[in-house]
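Remarks on the overall topology
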Amino acid sequence: MTVDVIEEAINNYKPIIGRIYSVSDAQKVWDGVAQWIAAYLYKHKGVVVPGLGTFTLSEWALDTGLGKPLIISRPAFFITETLVQSFTIKQRQVFTANNVACHMIHYGGVAALAGLDRSTVKVCVQEVVQALKRLLWENKNLRLNLGVIGQLTICDKQVSLEYRRELLNKMRDLTEQRRSTIKPVYPWSPKRILE
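Computed from a prediction, not measured in an experiment: that's the story for all the values here. Counting restarts for each chain, with residues numbered from 1 along the sequence as it is written. Given that this is a predicted model, residues contribute local features only at a pLDDT of at least 70 and side-chain atom pairs are listed and counted only at 80 or more, while totals for whole chains, interfaces and linings are drawn from all residues. Remark: hydrogens and water are excluded; side-chain values derive from all non-hydrogen atoms of the structure.

A word on the environment of W30. Take W30: it is sitting in helix 2 (residues 23-42). When the C-alpha atoms of W30 and G147 are compared, they prove to be 7.3 Å apart, with 117 residues separating the residues in sequence. Numbering of helices and strands runs from the N terminus; a helix is a DSSP stretch of H or I covering at least four residues, while a strand is a stretch of E covering at least two.

Set out below in structure tokens:
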């Protein structure tokens, strides 16, 4: 049985979720965090959530011989190294593109998306990350609903993030748009022969 991290955050030591903020407020904050991350992934950028991990892109470019490379781009998630080492969590190795810039999460921007103030967003993110660490320490299977991105689950110390189909389809469409803007390079073009 998996435990929902946001609902479990009310059992933290000196909790703020459940006392000052409701569980629905925390879920609203994490929906805003997911929208923020998705917006950055659409812009071909990564986002670091302190204490949780990095959302970035895994990208390959295959030469088709037709002048334009076939670009394959998928979202990828890496849990923080401190969680991996502290709780001996296993994660599938995904190779990422080194040209993707990663940015720290901007609590003010998430607050604007969620319709809350910045301090609420910061506290809710920190409380949920604290609850996640406590659940890992208790060796419980957990899940974290990330709204438009998907669902993060840690079962039997294995990390998996199931992405929503809408996110993957939009990422594929944006990759196709990027590919269409690339000018073809033909090694056999007449211009090169004359040079």
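The next thing to look at is the packing of helix 2 against helix 4 (residues 107-114). Angle between the axes and distance between the axes are the two parameters that describe a pair of packed helices. The angle between two axes is taken between their N-to-C directions and runs from 0 to 180 degrees, where each axis is a line fitted to C-alpha atoms and a helix contributes only its stretch in contact. Between helix 2 and helix 4, the least distance of the axes is 8 Å, while the angle of their chain directions is 115°. Our classification of the angle between helix 2 and helix 4 gives roughly perpendicular. Handedness of the helix 2/helix 4 crossing: right-handed. On the side of helix 2, the interface is formed by K28, V29, G32, V33, Q35 and W36, while helix 4 contributes G109, V110, L113 and A114. Polar here means any residue other than Ala, Val, Leu, Ile, Met, Phe, Trp, Tyr, Cys and Pro, which are nonpolar, and Asp, Glu, Lys and Arg, which are charged; Gly is therefore polar. A class-by-class count of the residues in the contact of helix 2 with helix 4 yields 6 nonpolar, 3 polar and 1 charged. Should an angle lie under 35 degrees it is considered roughly parallel, over 145 roughly antiparallel, and from 65 to 115 roughly perpendicular; all remaining angles are considered oblique. Each crossing gets its handedness from the near helix: less than a right angle anticlockwise from the far helix is left-handed, clockwise is right-handed. The contact criterion used throughout is that any non-hydrogen atoms of two residues lie within 4.5 Å.

To continue, consider the nonpolar core. Remark: nonpolar core denotes a set of buried residues (Ala, Val, Leu, Ile, Met, Phe, Trp, Tyr, Cys) joined through side-chain atoms within 4.5 Å. Throughout, exposure labels follow a simple rule: accessible area from a 1.4 Å probe, protein chains only, divided by the maximum for the residue type, with under 20% read as buried, over 50% as exposed, and the rest as partly exposed. Membership of the largest hydrophobic core comes to 52 residues, with the highest contact counts inside it found for W30, L52, F77, L144, L146 and I149. Per-element tally for this core: the top contributor is helix 2, with 10 residues. When near neighbours in sequence (up to four residues on either side) are disregarded, L146 contacts W30, A34, F55, Q151, L152 and L161.

As a further point, take the sheet that holds strand 3 (residues 53-63). One bridge is not enough; two strands pair if DSSP finds at least two bridges between them. Taken in spatial order, the 4 strands make up an open sheet running 4-3-2-5, and their pairing is mixed. Among the strands making up the open sheet, the edge pair consists of strand 4 (69-79) and strand 5 (102-104). The average undirected angle you get between the axes of adjacent strands in this sheet is 25°. Bridge analysis of strand 2 (residues 46-49) against strand 3 gives 3 bridges, and the strand direction is antiparallel. Of the residues in strand 3, the one forming a bridge with V49 is G53. Contacts between helix 2 and the sheet are confined to strand 2, strand 3, strand 4 and strand 5, with strand 2 contributing the most and set at about 150° to the helix. Each of strand 3 and strand 4 is contacted by helix 6 (residues 165-181), which is oriented at about 140° to strand 4, the strand it contacts most.

Attention now moves to the pairing of strand 7 (residues 150-155). The pairing of strand 6 (residues 141-145) with strand 7 spans 4 bridges and is antiparallel. The residue of strand 7 that forms the bridge with N145 is Q151. Hairpin connection between strand 6 and strand 7: a loop of 4 residues separates the two successive antiparallel strands, and G147 in this loop has a positive phi of roughly 55°. Bridging between strand 7 and strand 8 (residues 158-163) involves 6 bridges; their strand directions are antiparallel.

For the rest of this paragraph, the subject is the packing of aromatic side chains. Whether two aromatic rings pair depends on their centres lying within 6.5 Å, for rings of Phe, Tyr and Trp, where Trp uses its six-membered ring; planes under 30 degrees apart make the pair stacked, over 60 edge-to-face, and the rest tilted. Within this structure, the stated rule accounts for 2 aromatic pairs. For the pair W36 and Y40, a centre-to-centre distance of 5.1 Å together with 35° between the ring planes defines the contact as tilted. Of this pair, W36 and Y40 both sit in helix 2, separated by 4 residues, roughly a single helical turn. Accessibility classification places W36 together with Y40 in one group, the buried group. Ring geometry for F55 against F77: centres 4.7 Å apart, planes inclined by 40°, an arrangement best described as tilted. Here F77 lies in strand 4 and F55 lies in strand 3, a separation of 22 residues in the sequence. Its end group placed over the ring of Y40, K43 keeps NZ or CZ at 5.1 Å from the ring centre. Seen from the ring of Y42, K170 lies directly overhead, with NZ or CZ sitting 4.4 Å from the centre. Whether a charge lies above a ring is judged from NZ of Lys or CZ of Arg, which has to be within 6 Å of the ring centre and within 35 degrees of the ring normal.

Just to be clear on terms, a salt bridge is a Lys or Arg side-chain nitrogen sitting within 4 Å of an Asp or Glu carboxyl oxygen. Per the counting criterion, the structure on display carries 3 salt bridges. The partner of E138 in a salt bridge is K140, and the shortest N-O contact between them spans 3.5 Å. Accessibility expressed as a relative area gives 36% for K140, which makes it partly exposed. Linking D173 and R172 is a salt bridge whose minimum nitrogen-to-oxygen distance equals 3.9 Å. Overall, the relative accessible area of 48% leaves R172 in the partly exposed class. Three or more residues are tied together by salt bridges with common partners; here these are R134, E138 and K140.

All we've got here are geometric facts, nothing functional implied.
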